[in-house]
Amino acid sequence: MAGRTPSAAVRKFRRERLIGRYLVNPAVGLLDRLGIRSPLIAELETVGARSGQPRRVPVTASIDETGAWLISQHGYRSGWARNIAADPHIRLRLGTEWRTGTASFVPEDDVVARSRTFAKGRVSAAVAERTMKALESDPISVRITFAGA
């Protein structure tokens with residue numbers, strides 16, 4: 001790989017990982033600790049693939065009766081996706097309630113159509129779709145099935 005430049009998707013992933021890790025995720029965490037929460041934001045807890053330690057990250061989730069849908073905007077490159085690939089058992093905090101479940105990748109799912117389901121109403125669905133398109137590099141849908149569902 002020496003002498004080769006990374007693909008546009010890899011460069012985008014690296015840039016957005018830095019923005020997420022050092023700006024967006026800490027800001028969302030601070031708002032959460034202050035009690036300011038969005039119904040679309042959940043906290044995903046995975047087990048670190050290398051460390052074996054719990055890892056938490058804010059995610060946007062679409063919740064239904066039996067589980068939740070997430071979209072890993074950078075596919076298998078994202079840290080939480082790598083953790084799920086190593087151990088699919090997760091916890092998801094919705095508001096103040098933690099739910100346990102099992103995550104699985106759904107590569108055949110249409111992520112653009114899925115992103116529209118995260119918002120209610122035509123305008124917010126269009127915004128969700130455009131935001132997904134702007135942030136994605138190699139998206140994949142992730143289905144979480146809650147335990148006991």
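Above this text sits the structure in question.
Notes on the structure follow. (Residues numbered from 1 in each chain as written. Predicted model: local features only at pLDDT ≥ 70, side-chain atom pairs only at ≥ 80, totals over all residues. Heavy atoms only, no water.)

Section: the overall build of the protein
- Looking only at helices and strands, the protein features four helices and seven strands.
- Listing every helix and strand of the protein by position from the N terminus yields α-β-β-β-β-α-β-β-α-α-β.
- Here the protein holds 149 residues, and 36% of them are scored as buried.
- Restricting the contact set of the protein to residue pairs at least 6 apart, pairs at least 24 apart contribute 68%.
- Of the roughly 9100 Å² of accessible surface on the protein, 56% is carried by carbon and sulfur atoms. (Helix = DSSP H or I, 4+ residues; strand = E, 2+ residues; numbered from the N terminus. Buried < 20%, exposed > 50% of the residue type's maximum accessible area, 1.4 Å probe, protein only. Contact = heavy atoms within 4.5 Å. Areas by Shrake-Rupley, 256 points an atom, 1.4 Å probe, with all protein chains shown as cover.)

What about the pairing of strand β2 (residues 54-60)?
- As paired elements, strand β1 (residues 41-47) and β2 share seven bridges and run antiparallel to each other. Bridge assignment links Thr 46 to a residue of β2, and that residue is Arg 55.
- Once β1 ends, the chain turns through six residues before running back antiparallel as β2, passing Gly 52 with a positive phi of about 75 degrees. (Pairing = 2+ DSSP bridges.)

Some points on a nonpolar patch on the surface
- Nonpolar side chains collect at one region of the surface, where Leu 18, Ile 19, Tyr 22, Leu 23 and Val 24 lie side by side and expose about 510 Å² of accessible area between them.
- Residue placement: Ile 19 occurs in helix α1 (residues 8-33).
- Judged by relative accessible area, which is 39%, Ile 19 ranks as partly exposed. (Patch = residues over 30% accessible without salt bridge, like charges linked within 9 Å, V, L, I, M, F, W, Y side chains within 5 Å. Salt bridge = Lys/Arg side-chain N within 4 Å of Asp/Glu carboxyl O.)

Nothing here speaks to function; it is all geometry.
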